[in-house]
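Letter by letter, the chains look like this.
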Amino acid sequence: MTGPGRPRPPRRRRALTALALAWLAVLATLASCTSDSPEPVTLRVLASSELADMEPLFDDLRRDTGITLEMEYQGTVEATASLAAGRYRHDLAWLSSSRPFQLLLRKHGRQTESPLSTSTMRSPVVVGLKPEVAQRLRRAAPDGQLSWADLADAAAAGTLKYAMADPRSSNSGLSALVGVATAAAATGGALRPEDVSCDRLRGFFAGHKLTVDSSGGLAGAYARAEGGLDALITYESELLALNRAGTLRAPLEIVYPKDGIVLSDYPLMLLDPARRDAYDRLTAWLRSEAVQRKIMERTLRRPITPDLPRIPSLRTPLGNALYFPDDQAVVDRLLADYAAARSGGPARVLFLLDFSTSMRGERIANLRATFDGLGGADDSRSGKFARFHQGETLTVLRFGGRVLDEQSVTYGKAGDLERLRGFVADDGFATSTAVWSALDHAYRSAADALAKDSRQRVSIVLMTDGENNAGMSLDTFLGRYAALPPAARAVRTYTVRYGDSDPRELDRAARATGGHMADATGQSLLNAFKEIRGCHE
Amino acid sequence: MVAGERSVVVEEPRLTVRRRSSGSWSRRSLLLFLLPVLATVLTGLATLTISGNLLLPFERVVVLEGKMASKRDFFEDEEVRRILLKHHISVHITSSGSREVAMRDIAAFDFVFPSGQPAGDLITGVRAADGRYAKVHRPFVSPIALATYREYAETLRDAGIATPLPSEGADRPLYYSLDMRKFLDSIDRGKRWNDLGIRRHGIANANRIVAQSPDVCGSNSAGTYLALVSFTWRGDGPDVPTTDQEASSRARSVKHLMEQGLPAADVFRTYISPDGKGIAPVVVAYEHQYLTYQVRHRAETGRLDSERVLLYPSSQFVTQPQFISLNSKGDRLGELVTTDPDLRRRAMELGFRILDPAGEVAGDQLARFLTERNVPVPALRGDDTRSPMPRIRYLERMISIVGDCPVAPLPDQAR
């Protein structure tokens, strides 16, 4: 009836209509009886910058749940500050860690309920080392396992230059800072304010050569500046991703410092309770096995669900997690020290050393050993953190009845420490001890130095093994100290009691300047010197 | 439009053909329509039959809003959800620490399910004072314990702090008794795991000894652990503080024993994750959490996880979750949870010690169930050795000091 090639649309059209109608009916039924029908919804999310790598999953999210995420990226610390102000402009917050937020809530007495929060994945902040650097550092470590202390040691010596995000704005930087500070304090517990009253990280900071504001941009910045750097401190996931991308000349070797790591768990927080339904859908989706697997494979973060088999690169044991301080004051102190190291002027220490005859023999040997130790020979953990560091100016004033000589060196290369050793190798001793006249002299030197560069962070260390028997009295000194210009008066003196010196006078002098006394009669001279390194009071 | 006109012409005869068949739909069209519909109906029926919800589409399911902490494990269980659906109930859960539940507004919920009596008392006290509905059901109990790893338990054993308990059917002990006094002594002296010689067992840990718990200001397990610690550390004092002053000084004397920095949420899930040994090697947990984990591990892998073990503190603190219905809808669920045989059986399978109507631990059903599943039965003493919890007023005071958080507003009768 119909010629070849003649169309038969009406019949087919009817059949197609029937089919379409049928499927519509089915879909309608399905939609009405399925409770989690993907009703389209858009959620505004305040997110940590590094979560930009989740975006490839968002198409799946929209398809599976009807949820569209509108991400606004910020550094974690900045995002936290806007949350703590209590005025939420977003439906959700998705941060790498809620610790900064919890600390702020605690600081304000925890009067408000914290938002509903669900961990979504995990990644520790660890160290990516160039293979040859890892090899070199490992040779020096007795058990071949690297610690934060080893890294701090190398950074102070100038043999480790690393990139790390700014801890004032990024969570990876803050986690690294807390990790290394906890390792330096070595109490085995969470840091307390008294554990951070002295800055032990100046040596570690000396190696911090590249920084960016947010963790998100750090890997790229490292890749561009690879040539001049030895290491990248950031999330394990970022390091693995960088290695997988193959853009580096040599992949970084990932080191989990043996003295412990800090993890992030990427909590998703509900800010607007009216969005609860969508939030539930989103968290259920994120924690489903299929999505956890995708997250693991794409972003290289560790799954939060316990029983999902790991890809090989995520099977490495993490070592031990460090306890995170629960006091905002600790974090504030660490950040202030960091800020001082970044933008404060160079550090200068004036060592005022007693070279009277009573120091001859064992005592002077101990003093020389102390300077060797501070120069890098001390293998202990505290030694690695407290040692002299690159960029530091060290002035030695030897004194007896007067200041015998005054020599300075700015530590830039190994030979500079040789010169420093030479300053204390002199065997000329004086018969009398003019402690306070010498300290007075040191303050004049400090004032001169500050007049040349007012940004310098100057401190004085006074070591004596005898009582003042020449020159001015302590009271005379204190009178002259009080008359100094404010900048010089701000220079603190730390006194080291050794041998037969007068502890009451040494303590009084130190306290008058805002410093304190370390006692080398009950411990080694080296330990007493280490005790006052980097102190603020 | 030429083609269109032509086609109209050609079409004419076929119209007759169609008229001859039934109505305006051909058999083929009808089939095309019916097949998907039929398939859907069949699939739906099958799904409903399998899930046991055959009648569901025809009866309304009531969605109940509940707020709870670790007891969400019960309501999130697939089997429990299925049983509840048979009763046309579905539960929507909001997670929160148990004390957090008590501290916040719960008006939007049909029921709350704090993990222990202190938080339950807070809630019922406040509700009673306001003259509002609250009915308590106590379906089961679970002792507080410390979940850890083999190396840690063996290190404690070397130090004379832990002793293996009989764990029939396991090659190595799964359960240990923990001498709380000695354990706290080590913490008091600032000992680290390395000091106790953990390196002999192949791992190193320079961290101080501590049992990690969730935030004591939010969680029942942490609050109960605080009660356990302060009971153990009471010295010559009474078992529990009986004045505000005693509570304060007791809290200050144990604060350092629980110092762990910023607490993490969900410590048990972290503990059972592959990274647990590094992140959460010793955690405060409920016995039921551990038993559920082992039963599931055994079912999935055919063997026990002999790396993860449970320490039973020498003084036993049994927690009693409080199902508190806040309206009659919630109460229907409360009744079910305490009386429905299927739900009671499932609670037992989830490692809870279920209570009989008189409030006593019901026989040895849990022991029988564990034996069936080839999971060793923990040898526990009877309930008569249960240690005393401080009165809510004093516990609250201790919590606020140890956790550095506001005291809960207590109703007058609790003061």
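Quick caveat, the model's predicted, so the values are computed rather than measured. For every chain, the first residue of the written sequence is number 1, and numbering continues from 1 onward in sequence order. As a convention, the first chain written is A and the first ligand written is 1, with the rest following in written order. Totals for whole chains, interfaces and linings use every residue, but because this is a predicted model, local features are given only for residues with pLDDT of at least 70 and side-chain atom pairs only at 80 or more, for both listing and counting.

Within chain B one finds 17 helices and 12 strands. Buried, partly exposed and exposed are defined by the number of other C-beta atoms within 10 Å of a residue's own C-beta, namely 20 or more, between the two limits, and 12 or fewer respectively, with C-beta atoms placed from the backbone. Taken across its 415 residues, chain B has 45% of its residues classed as buried. Residue pairs in contact within chain B that sit at least 24 positions apart in sequence constitute 72% of those at least 6 positions apart. The numbering of helices and of strands both runs from the N terminus, where a helix is a DSSP run of H or I of at least 4 residues and a strand a run of E of at least 2. In this description, any two residues whose backbone-derived C-beta atoms lie within 7 Å of each other are considered to be in contact.

Once that is clear, we can look at the overall build of chain A. Counting its regular elements, chain A contains 21 helices and 18 strands. Here the C-alpha atoms of chain A give a radius of gyration of 31 Å, more than 25% beyond the 24 Å that 2.2 N^0.38 yields for 537 residues. For chain A, the spread of C-alpha atoms along the three principal axes comes to 130 × 50 × 40 Å. Counting only residues that meet the buried cut, chain A has 48% of its 537 residues in that class. What the globule rule says is 2.2 Å times the number of residues to the power 0.38, and the radius of gyration is computed from C-alpha atoms.

In the predicted model, chain B carries a mean pLDDT of 84, and 82% of its residues have values of at least 70. Two numbers describe this predicted complex: its pTM, 0.86, and its ipTM, 0.87. A residue's pLDDT is simply how confident the predictor is in it, with values from 0 to 100.

So, on to the UniProt feature "domain: VWFA" (unreviewed entry) in chain A. UniProt positions are given in the numbering used here, feature names are shortened, and annotations may be inferred rather than shown by experiment. The sites that carry the UniProt feature "domain: VWFA" (unreviewed entry) are, in the present numbering, residues 348-532 of chain A. Between the first and last C-alpha atoms of residues 348-532 of chain A the distance is 14 Å; the span itself is 44% helix and 21% strand.

The periodicity of an α-helix, 3.6 residues per turn, causes residues three or four places apart in sequence to face the same way. Residues and elements named next belong to chain B. To estimate the expected span of a helix, count its residues, drop one, and scale the result by 1.5 Å. Along its 15 residues, helix α13 (residues 287-301) runs 21 Å from first to last C-alpha, staying within 8% of the 21 Å computed at 1.5 Å per residue. Taken together, the buried positions of α13 are occupied by Glu287, His288, Gln289, Tyr290, Leu291, Tyr293, Gln294 and Val295. On its buried face, α13 is in contact with α3 (72-75), β5 (140-149), α11 (267-272), β8 (282-286), β9 (308-313) and α16 (365-372). Following α13 by one or two positions, Gly302 adopts a phi angle in the positive range, close to 80°.

Time to look at the sheet that holds strand β17 (residues 492-497) of chain A. Residues and elements named next belong to chain A. The strand order across the open sheet formed by six strands is β15-β14-β13-β16-β17-β18, and the pairing between neighbours is mixed. Either end of the sheet is taken by a strand with one partner, and the two such strands are β15 (403-410) and β18 (517-519). Recorded for the sheet is a direction-independent mean angle of 15° between the axes of neighbouring strands. The pairing of strand β13 (residues 347-354) with strand β16 (residues 457-464) spans seven bridges and is classified as parallel. By the bridge assignment for β16, Val349 is matched with Ser459. Along the sheet, helix α16 (residues 414-425) makes contact with β13, β14 (393-399) and β15, crossing β15 at roughly 170°. DSSP-based pairing: two strands are paired if at least 2 bridges between them are found. Lines fitted to C-alpha atoms define the axes here, with helix axes fitted over just the stretch in contact, and angles between the N-to-C directions of these axes take values from 0 to 180 degrees.

Here we come to the nonpolar core. We define a nonpolar core as a collection of buried residues of the types Ala, Val, Leu, Ile, Met, Phe, Trp, Tyr and Cys that are connected via C-beta atoms lying within 7 Å of each other. Core analysis: the largest hydrophobic core is formed by 253 residues, its most contacted members being A:Leu352 and B:Val283. Not counting the four nearest positions on each side in its chain, A:Leu352 is found in contact with A:Leu397, A:Phe399, A:Ala438, A:Leu439, A:Ala442, A:Ile460, A:Val461 and A:Leu462.

Residue and element names in this part refer to chain A. Within the open sheet, the five strands sit side by side as β2-β1-β3-β11-β4. Their pairing is mixed. Edge positions in the sheet fall to β2 (67-74) and β4 (117-119), since each has one partner strand and no second. Taken pair by pair, the neighbouring strands of this sheet meet at an average axis angle of 25°, ignoring direction. Pairing analysis gives three bridges linking β4 to strand β11 (residues 267-270), with the strands arranged antiparallel. Across the sheet, Ser119 pairs through a bridge with Pro267, a residue of β11.

Before going further, it helps to examine the environment of B:Ile161. Residues and elements named next belong to chain B. With respect to the helices and strands, the residue Ile161 is situated in the loop between α7 (150-158) and β6 (162-164). Residues Ile161 and Leu174, 13 residues apart in the sequence, show an inter-C-alpha distance of 16 Å. Leave out the neighbours within four places in its chain, and Ile161 touches Leu156, Leu178, Asp179, Lys182, Phe183 and Ser186.

Our focus in this paragraph is the confidence of the model for chain A. Residue and element names in this part refer to chain A. Here chain A averages 91 in pLDDT, while 93% of its residues score no lower than 70. Counted against residues more than four places away or in other chains, residues 1-9, with its pLDDT under 50, gives six contacts. Across residues 29-36, where pLDDT falls below 50, the model places four contacts with residues more than four positions away in sequence or in other chains.

Here we come to the pairing of β13(A). Burial analysis of β13(A) places eight of its eight residues in the buried class, which makes it a mostly covered element. The alternating pattern of β13(A) places A:Ala347, A:Val349, A:Phe351 and A:Leu353 and A:Arg348, A:Leu350, A:Leu352 and A:Asp354 on opposite faces, both of which are buried.

Here we come to the packing of helix α14 (residues 362-377) of chain A against α16(A). All names here are of chain A. Their axes nearest at 10 Å, the elements α14 and α16 cross at an angle of 165°. As the angle between them shows, α14 and α16 are arranged roughly antiparallel. As for how α14 packs across α16, the hand of that crossing is right-handed. Where α14 approaches α16, its residues Leu367, Arg368, Phe371, Asp372 and Gly375 are matched on the opposing element by Leu417, Leu420, Arg421, Val424 and Ala425. Any residue that is not Ala, Val, Leu, Ile, Met, Phe, Trp, Tyr, Cys, Pro, Asp, Glu, Lys or Arg is counted as polar, Gly included; the first ten are nonpolar and the last four charged. Along the lines of polarity and charge, the residues of the contact of α14 with α16 split into six nonpolar, one polar and three charged. If an angle is under 35 degrees, it is roughly parallel; if it is over 145, roughly antiparallel; if it lies from 65 to 115, roughly perpendicular; otherwise it is oblique. Take the far helix as your reference; a near helix turned counterclockwise from it by less than a right angle gives a left-handed crossing, and one turned clockwise gives a right-handed crossing.

With that settled, consider the environment of B:Leu366. Residues and elements named next belong to chain B. Within the secondary structure, Leu366 sits in helix α16. A tally of 26 C-beta atoms within 10 Å means that Leu366 is categorised as buried. Dropping the residues within four chain positions of it, Leu366 is found in contact with Met348 and Arg353.

This part takes up the domain arrangement of chain A. Residues and elements named next belong to chain A. Boundaries of every domain are those given by an automatic assignment or by a domain database. If you check the domain split of chain A, you get domain 1 (41-121 + 266-310), domain 2 (123-264 + 317-332) and domain 3 (345-531). With centres defined by C-alpha atoms, the gap from domain 1 to domain 2 works out at 25 Å. On the domain 2 side, the residues contacting the 22 residues of domain 1 number 19 residues. The biggest single contributor to the side of domain 1 that touches domain 2 is helix α4 (residues 99-107), with six residues. Looking at the side of domain 1 that touches domain 2 residue by residue, the classes come out as eight nonpolar, seven polar and seven charged.

All right, on to the packing of helix α8 (residues 180-188) of chain B against helix α9 (residues 220-232) of chain B then. Residue and element names in this part refer to chain B. At their nearest, the axes of α8 and α9 sit 10 Å apart, and the two run at 90° to each other. When the axis of α8 is compared with that of α9, the two are roughly perpendicular. The residues of α9 that touch α8, namely those facing Met180, Arg181 and Leu184, are Leu228, Val229 and Thr232. Tallied by class, residues from the contact of α8 with α9 come to four nonpolar, one polar and one charged.

Residue and element names in this part refer to chain B. Phi is positive for His88, which is not a glycine, with a value near 65°. With respect to the helices and strands, His88 occurs in the loop between α4 (78-86) and β2 (89-95). Here Asp266, not a glycine, exhibits a phi torsion of approximately 55°, which is positive. Relative to the elements of secondary structure, Asp266 occurs in the loop between α10 (244-254) and α11.

With respect to the helices, strands and loops of the structure, A:Pro40 is situated in the loop between α1 (9-33) and β1 (41-48). Spatially, the C-alpha atoms of A:Pro40 and A:Arg62 are 7.9 Å apart, while their sequence positions differ by 22 residues.

Residues and elements named next belong to chain B. Of all the residues in α10, the buried ones are Ala247, Arg250, Ala251 and Val254. Here the buried residues of α10 occupy an arc of 100° about the axis, which is enough to place them on one side. Across from the buried face of α10, at angles greater than 90 degrees, the exposed residues are Gln245 and Arg252. Against the buried residues of α10 lie α9 and α17 (392-403). The directions from the helix axis to the C-beta atoms are what the arc is built from.

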